[in-house]
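Next come the chains, spelled out residue by residue.
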Amino acid sequence: VQLQASGGGLVQGGDSLRLSCAASGRTINGYALAWFRQSPGKEREFVAAIARSGGATYYTDSVKGRFTISRDNAKRTVYLQMNRLQPEDTGVYYCAAGVRVITSSLGLPTAYDYWGQGTQVTVSS
């Protein structure tokens, strides 16, 4: 599976962005999908994940109520709607796909098999 992330940009605090991650090579129906982000000097951080069925979603505490992850299996795409953006949300956002991701490992980068190239999100204050 090849993943291509897009939708990043430079916005002001309080603005919204929607990130997209398109998959090619095979369908994504059998994959758990997630978004991580990384800021300079920091480790890659879990942001959100969505189960294979799309019925369950998971978020890190700092984005709950502001970000929404969703998937469209027919379009082979996962989305991250980001509202009320804050400067602390700045970073490179990566999408990831995993075949054997279990709930307890959703937040671990090592649980995922495929990664997109990242898209930069910069939020000014």
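As shown above, the structure is provided for reference.
Residues numbered from 1 in each chain as written. Predicted model: local features only at pLDDT ≥ 70, side-chain atom pairs only at ≥ 80, totals over all residues. Heavy atoms only, no water.

Student: Looking at this structure, I do not really get the overall build of the protein chain. What am I missing?
Tutor: Counting its secondary structure elements, the protein chain contains zero helices and eleven strands. On C-alpha atoms alone, the protein chain measures out to a radius of gyration of 13 Å, which is about the 14 Å that the 2.2 N^0.38 rule sets for 125 residues. For the protein chain, the proportion of its 125 residues judged to be buried stands at 44%. Long-range contacts, defined as pairs at least 24 residues apart, comprise 57% of the intrachain contacts of the protein chain with a sequence gap of at least 6. Taken as a whole, the protein chain presents about 6200 Å² of accessible surface, with 48% of it coming from carbon and sulfur. Charge separation in the protein chain, taken as the distance between the mean sites of 13 positive and 8 negative side-chain charges, equals 9 Å. (Helix = DSSP H or I, 4+ residues; strand = E, 2+ residues; numbered from the N terminus. Rg over C-alpha atoms; globule rule 2.2 N^0.38 Å. Buried < 20%, exposed > 50% of the residue type's maximum accessible area, 1.4 Å probe, protein only. Contact = heavy atoms within 4.5 Å. Areas by Shrake-Rupley, 256 points an atom, 1.4 Å probe, with all protein chains shown as cover. Lys, Arg positive; Asp, Glu negative; His and termini not counted. Charge placed at Lys NZ, Arg CZ, Asp CG, Glu CD.)

Student: Could you clarify how one ought to interpret the nonpolar core in this entry?
Tutor: Across soluble globular proteins, you tend to see nonpolar side chains buried next to one another. Grouped together as the largest cluster of nonpolar side chains are 28 residues, with contacts concentrated most on Trp-35, Val-47, Phe-67, Ile-69, Leu-80, Met-82 and Tyr-93. For this core, the elements supplying multiple residues, two or more each, are β1 (2–6), β3 (17–24), β4 (32–38), β5 (45–50), β7 (67–72), β8 (77–82), β9 (91–98) and β11 (119–124). Element by element, the count of residues in this core is highest for β3, at four residues. Leave out the neighbours within four places in its chain, and Met-82 touches Asp-15, Ser-16, Leu-17, Leu-19, Arg-66, Phe-67, Tyr-93 and Val-121. (Core = buried A, V, L, I, M, F, W, Y, C linked by side-chain atoms within 4.5 Å.)

Student: What am I meant to see in the pairing of β4 here?
Tutor: Counting buried residues along β4, six of its seven residues qualify, which places the element largely inside the surrounding structure. Where β4 lies against β5, five bridges are found, and the strand directions are antiparallel. Bridge pairing in β5 links Arg-37 to Glu-45. The turn linking β4 back onto β5 is made up of six residues, and Gly-41 within it adopts a positive phi angle of 80°. (Pairing = 2+ DSSP bridges.)

Student: Is there a simple way to explain the state of the cysteines in this structure?
Tutor: Put plainly, a disulfide is one covalent bond tying together the sulfur atoms of two cysteines. Here the structure, examined in full by the defined rule, presents one disulfide. The disulfide that involves Cys-21 links it to Cys-95, with 2.0 Å between the sulfurs. Across the S-S bond of Cys-21 and Cys-95 the torsion is about 60°, and the bridge reads as right-handed. Separated by 74 residues along the polypeptide, Cys-21 in strand β3 and Cys-95 in strand β9 bring together distant segments of the chain. A residue is classified by how much of its surface remains accessible, and Cys-21, at 3% relative accessible area, is buried. (Disulfide = S-S within 2.5 Å.)

Student: When you look at the pattern of salt bridges in this model, what are you seeing that I'm missing?
Tutor: Pairing is possible between side chains of opposite charge, provided their charged atoms come close. Taken as a whole and assessed by the stated rule, the structure comprises four salt bridges. A salt bridge links Arg-37 to Asp-89, with the nearest nitrogen and oxygen atoms 2.9 Å apart. Note that Arg-37 is positioned in strand β4 and Asp-89 in the loop between β8 and β9, a separation of 52 residues in sequence. For Arg-37, a relative accessible area of 5% puts it in the buried group. Classification of Asp-89 by relative accessible area gives buried; the value is 1%. A salt bridge links Lys-64 to Asp-61, with the shortest nitrogen-to-oxygen separation between them at 3.0 Å. Several salt bridges share partner residues, and in doing so they unite Arg-37, Glu-45, Arg-66 and Asp-89 into one network. (Salt bridge = Lys/Arg side-chain N within 4 Å of Asp/Glu carboxyl O.)

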